Each structure stands twice: as C-alpha cells, then as structure tokens.
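Fold and geometry: a report
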Amino acid sequence: MDNSRVYKMTFASVYPHYVAKAEKKGRTKKEVDEIIRWLTGYSQKQFETQLEKKTDFETFFTKAPKLNPLRSLIKGVVCGVRVEDIKEPLMQEIRYLDKLIDGLAKGKKMEKILRKE
C-alpha cells in the first residue's frame, strides 16, 4: 500500500481534527497536546513550532526528539487494522497516535492512556 500521500500531509492540517474529536467527547486540547508530547518527546514549544512550520507527518515523527518506548504497549484496532501488526514503521507511529486519541475520546483516564497504570 502506498502511504506517501499520508506521510506528506501536514500535521497541522490533521491536528484540529484530533482536538475536535476529543472536545466533542468533553476532553481538552491540553490533553491532546499531552498525549502528543508523551508519544514524541516534543516539548510544548517544540510541538507548537512544528505546527507553525506545517511539518509533514513523516518529518514530524522522524525528527521527534524521543519516541516513547512504552508506545509498543499500544494495542488495538484503528481503521480495521491492528496497530501492533502494522509493518510500516511510520504508519505504525501515526496509528499509535490515532489509537491514543481514540482512547481519550472514549473517556479513558490519562494515566491509562499514557501507560502509567
């Protein structure tokens, strides 16, 4: 499957959808940002810089300061595919984020989403 179109999408163009999905379920932009920072290792300032620069998904993840080693504990299905079975590393990172945002929108506690429990 050719995912190059997804990889070239700007993170800033998708980010408002993550926030809207969370807010629609009573969660906050702050929580979305916390999840993104947990996953990627960006500080809030670094993250905001990436949004301003309109960084694409590929660059956003490949330049991430420190991908969280606990992300491999993220399991489940996104768009009909198990995230743990995705072979393409970059697509797996994107789907990890999707799965974390899904957990937030489903009302899971932040401790559980961020694998602190």
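Residues numbered from 1 in each chain as written. Predicted model: local features only at pLDDT ≥ 70, side-chain atom pairs only at ≥ 80, totals over all residues. Heavy atoms only, no water.

1. Quick look at the packing of helix α2 (residues 11–24) against helix α6 (residues 89–105)
Helix packing geometry: the angle between the two helix axes and the distance between the axes. The interhelical angle for the contact between α2 and α6, taken along N-to-C directions, is 25 degrees, at an axis separation of 8 Å. Comparing their axes, α6 and α2 come out roughly parallel. Listed contacts from α6 to Phe11, Tyr18, Lys21 and Ala22 of α2 are Leu97, Asp98, Ile101, Asp102, Leu104 and Ala105. Of the residues belonging to the contact of α2 with α6, the class tally is 7 nonpolar, no polar and 3 charged. (Axes fitted to C-alpha atoms, helices over the stretch in contact; angles between N-to-C directions. Helix = DSSP H or I, 4+ residues; strand = E, 2+ residues; numbered from the N terminus. Parallel < 35°, antiparallel > 145°, perpendicular 65-115°, else oblique. Contact = heavy atoms within 4.5 Å. Nonpolar A, V, L, I, M, F, W, Y, C, P; charged D, E, K, R; others polar.)

2. Focus on the pattern of salt bridges
Inspection of the entire model under this criterion finds 7 salt bridges. The partner of lysine 21 in a salt bridge is aspartate 102, with the nearest N and O atoms 2.3 Å apart. Of this pair, lysine 21 sits in helix α2 while aspartate 102 sits in helix α6, placing them 81 residues apart in sequence. Two residues, arginine 82 and glutamate 84, come together in a salt bridge whose shortest N-O distance is 2.8 Å. Owing to a relative accessible area of 27%, glutamate 84 belongs among the partly exposed residues under this scheme. (Salt bridge = Lys/Arg side-chain N within 4 Å of Asp/Glu carboxyl O. Buried < 20%, exposed > 50% of the residue type's maximum accessible area, 1.4 Å probe, protein only.)

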